[in-house]
Amino acid sequence: MDYYWISINNDIVSTIAYAPKGTPVSHQLIETIETIDVVPFSLELHDVIISKTIIQGGLSDVFYDFQPNSLAWPIMSEKMSHIIASHLTGFEHIRWKEIRIVGKNTSQRYYLPYFTYPLDTLDYENSIIIPSSGAVLKPCFSKIKLENISMTYAPSLFWKVTTKLYVNDEIRKDLINANIKEIVFSKAKSI
């Protein structure tokens with residue numbers, strides 16, 4: 001089965017959810033949220049103007065299913081997270097964390113996939129990896145290792161919460177059929 005990296009379609013999105021001022025950087029929060037089911041703060045949704053830089057505008061009520069945010073976390077709406085969760089086998093070792101996003105006139109619950117166990121899904125011989133740091137520049141996944149896994153990630157130092165999420169073709173098709181337009185899919189190499 002084919003796997004696809006999911007990312008934001010920057011040509012469509014016009015809002016970003018911002019963490020409160022003084023919030024630690026995202027990798028420092030990973031251990032903080034490990035044992036809880038609800039992130040202990042809300043994000044605030046703002047319009048953005050993108051020119052040479054990103055300028056934060058006023059509060060907004062334009063929510064997306066895959067919501068860009070200042071923490072660079074893969075935050076998903078209930079709709080998107082339910083589609084993905086319906087395909088999970090349990091071998092992905094995901095625990096969903098709830099996070100609230102507050103807009104101008106309303107707020108919504110979102111969900112963050114939190115991996116609780118490291119996944120070994122790469123074909124290391126065919127992946128492009130920086131030897132000195134071990135950073136994976138271009139993953140090549142092993143089809144055998146992915147047999148019972150519907151969603152995985154490219155290994156990194158911060159694998160528990162990562163923006164490099166890869167979904168199988170079944171999930172990709174369901175997300176497309178659900179009309180989630182702010183995401184794009186890039187096919188990953190797998191052997």
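For the structure given in this document, a descriptive report is provided here.

Cut-offs applied
- Residues numbered from 1 in each chain as written.
- Predicted model: local features only at pLDDT ≥ 70, side-chain atom pairs only at ≥ 80, totals over all residues.
- Heavy atoms only, no water.
- Phe/Tyr/Trp six-rings, centres within 6.5 Å; stacked < 30°, edge-to-face > 60°.
- Helix = DSSP H or I, 4+ residues; strand = E, 2+ residues; numbered from the N terminus.
- Buried < 20%, exposed > 50% of the residue type's maximum accessible area, 1.4 Å probe, protein only.
- Pairing = 2+ DSSP bridges.
- Arc of directions from axis to C-beta.
- 1 Å grid on protein atoms, 1.4 Å probe; cavity = no way out; pocket = protein on both sides within 12 Å on 5 of 7 lines; lining within 4 Å.
- Points joined across faces, edges and corners; volume = space filled by probe spheres on them.
- Nonpolar A, V, L, I, M, F, W, Y, C, P; charged D, E, K, R; others polar.

Moving on: the packing of aromatic side chains. Each aromatic ring pair is described using two quantities: the centre-to-centre distance and the angle formed by the ring planes. Per the stated rule, a full pass over the model turns up 5 aromatic pairs. With centroids separated by 6.5 Å and ring planes inclined at 85°, the aromatic side chains of Tyr4 and Phe185 adopt a geometry described as edge-to-face. Taken as a pair, Tyr4 in strand β1 (residues 3-8) and Phe185 in strand β14 (residues 183-187) lie far apart in primary sequence, 181 residues in all. A residue is classified by how much of its surface remains accessible, and Phe185, at 22% relative accessible area, is partly exposed. Between Phe63 and Tyr110, the ring centres sit 6.4 Å apart and the planes meet at 25°, which makes this aromatic pair stacked. Of the two residues, Phe63 is situated in the loop between β4 (54-59) and β5 (66-67) and Tyr110 in strand β8 (residues 107-115); the sequence distance between them amounts to 47 residues. With respect to burial, Phe63 and Tyr110 carry one shared label: buried. Ring pairs connect the aromatic residues Phe115, Tyr153 and Trp159, which therefore count as one cluster.

Looking along a regular strand, one sees side chains alternate from face to face of the sheet. As judged from the 4 bridges shared by strand β2 (residues 15-18) and strand β3 (residues 43-50), these two strands associate in the antiparallel manner. Each residue of the ladder has a partner; that of Ala17, found in β3, is Leu45. By the bridge criterion, 2 bridges tie β3 to strand β7 (residues 94-102) in an arrangement that is parallel. From the neighbouring strand, Leu43 faces β7, where its bridge partner is Ile101.

Turning to helix α2 (residues 78-85), its buried residues number three or more, namely Met80, Ser81, Ile83 and Ile84. The arc enclosing the buried residues of α2, seen along the axis, measures out at 160°, which places them on a common side.

On to the layout of surface pockets, then. Here the largest pocket is characterised by a volume of approximately 410 Å³. Where the lining of the largest pocket is concerned, the elements lending two or more residues are α1 (26-29), β10 (136-138) and β14. For the lining of the largest pocket, the element with the highest residue contribution is β10, accounting for 3 residues. When its residues are assigned to classes, the lining of the largest pocket shows 15 nonpolar, 6 polar and 4 charged. Lining the second largest pocket are 13 residues, and of these Ile8, Phe66, Ala72, Trp73 and Thr163 sit closest to its centre. At the level of elements, β1 and β5 are the ones that each hand at least two residues to the lining of the second largest pocket. Ranked by the residues each element gives to the lining of the second largest pocket, the list is headed by β1, at 4 residues.

Peptide bonds are mostly trans, and most non-glycine residues show a negative phi. With a phi angle near 60°, Ala72 is a residue other than glycine that sits in the positive phi range. Mapped onto the elements of the fold, Ala72 is located in the loop between β5 and β6 (75-77). When its relative accessible area of 47% is taken as the criterion, Ala72 is described as partly exposed. A positive phi angle, close to 65°, is found at Asn179, a residue other than glycine.

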